[in-house]
Structure formats: C-alpha cells, structure tokens
Amino acid sequence: MKLLLVFTRRGQNDPGREPVIARVVKETGVLINVEKANIDSMAGEVLIDVPDEDADLVRRRLAEMGVAVRVMENAIALDEAECIDCGACISVCPQGVFSFDEEWRLRVNSERCVLCGKCIRACPHSALSQQG
C-alpha cells in the first residue's frame with residue numbers, strides 16, 4: 001500500500017527533525033520502500049510503499065510521531081470518456097504505469113505510480129488526474 005507522508009520542521013519536537021522512517025522500520029520490523037521524496041529545510045513529502053498487511057501498523061506509528069499520513073489508493077485516475085488512447089502518457093511515464101491492451105485501449109496499473117505528474121501534464125485531453 002502506498003502512503004504519502006507530510007511533515008514540517010517548525011520546532012524542536014517536530015517529526016522533520018527525526019529519522020521517522022528509519023525509526024518505524026527499526027521499531028516495527030516492517031520494510032519500507034521510499035518511492036519518492038521531496039524534502040527541504042522546512043518541510044517534507046515522502047511517498048512510501050509498505051506491505052498491505054502492515055500498513056495500519058506503520059500508519060499508526062507514523063501518526064503517533066506527528067507525521068500526517070494519507071493512504072494513496074488509485075493514485076492516478078483515468079477518465080475513459082475523455083481518453084482517446086493516444087499513448088502520450090505511456091511515452092513519458094518513468095514507472096510503466098500505462099500500457100495498451102489487445103484492443104489498443106489504454107490500461108492503468110496505478111500500483112506502480114509514484115505521483116510524478118508527468119502523465120497528467122502530457123495528456124492532451126486532460127483524461128488523467130491525481131487521486132488520493
């Protein structure tokens with residue numbers, strides 16, 4: 001399951017000053033895959049992937065540490081009424097989220113998505129949107 005973590009570094013006790021992901025891995029024994037991270041001196045946003053069976057444990061522990069956690073189900077949504085199956089998203093996606101089926105219709109494997117947004121910007125018909 002993909003989880004989006006958001007934290008700030010505003011005070012001495014804020015989660016941005018602690019190695020929260022490393023601490024959760026150490027305390028829970030759950031391996032966490034960091035798929036994307038945008039962190040600067042004041043705030044951070046990290047997309048992680050954890051085993052589905054451990055997601056609630058990891059989410060609870062991160063929340064206890066002051067990290068805002070959002071479950072990312074179906075990160076990318078396809079509006080089939082708008083999609084013209086042009087494949088523009090296929091050519092720009094670094095994760096192989098998009099493919100054509102046997103009938104040359106676009107298919108989405110949202111589990112592979114890392115929320116980079118390249119497909120949304122490339123779509124000429126605005127058929128893709130970010131969910132959460």
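Above this note sits the structure.
Note that the coordinates shown come from a computational prediction; the quantities given were computed from them, not determined experimentally. (Residues numbered from 1 in each chain as written. Predicted model: local features only at pLDDT ≥ 70, side-chain atom pairs only at ≥ 80, totals over all residues. Heavy atoms only, no water.)

Peer 1: Pulling in residues and values, what's your account of the overall build of the protein?
Peer 2: When you go through the protein residue by residue, the secondary structure sums to four helices and eight strands. Overall, the protein is about 55 × 30 × 20 Å in size when its C-alpha atoms are taken along their principal axes. Counting the 132 residues in the protein, one finds 32% classified as buried. Partitioning the contacts of the protein with sequence separation of at least 6, the portion at a separation of at least 24 is 62%. For the protein, the accessible area works out to roughly 8,000 Å², and carbon and sulfur atoms hold 45% of it. (Helix = DSSP H or I, 4+ residues; strand = E, 2+ residues; numbered from the N terminus. Buried < 20%, exposed > 50% of the residue type's maximum accessible area, 1.4 Å probe, protein only. Contact = heavy atoms within 4.5 Å. Areas by Shrake-Rupley, 256 points an atom, 1.4 Å probe, with all protein chains shown as cover.)

Peer 1: Describe the sheet that holds strand S2 (residues 33-39), with residues and values.
Peer 2: One open sheet holds the four strands; their spatial order is S2-S3-S1-S4, and the pairing between them is antiparallel. The outermost strands of the open sheet, each flanked by one partner alone, are S2 and strand S4 (68-71). This sheet shows a mean twist of 15° between the axes of neighbouring strands, independent of strand direction. Where strand S1 (residues 2-8) lies against S4, four bridges are found, and the strand directions are antiparallel. (Pairing = 2+ DSSP bridges. Axes fitted to C-alpha atoms, helices over the stretch in contact; angles between N-to-C directions.)

Peer 1: For the nonpolar core, give the residues involved together with the corresponding values.
Peer 2: Counting residues in hydrophobic clusters, the biggest one holds 18 residues, and the most contacted among them are Phe98 and Leu128. Contact partners of Phe98, with chain neighbours within four places excluded, come to Ile76, Cys89, Ile90, Cys93, Leu106, Arg107, Val108, Cys119 and Leu128. One finds Val24, Ile32, Val46 and Val67 within the second-largest nonpolar core, a separate group that totals 16 residues. (Core = buried A, V, L, I, M, F, W, Y, C linked by side-chain atoms within 4.5 Å.)

Peer 1: A description of the pairing of strand S3 (residues 43-49) should follow, citing residues and the corresponding values.
Peer 2: The sheet contact formed by S1 and S3 spans seven bridges and is antiparallel. If you follow Leu3 over to S3, its bridge partner there is Ile48. Where S2 meets S3, six bridges bridge the pair, whose relative direction is antiparallel. Its bridge partner being in S3, Asn33 is matched across the sheet by Asp49.

Any link to function would need more than the numbers given here.
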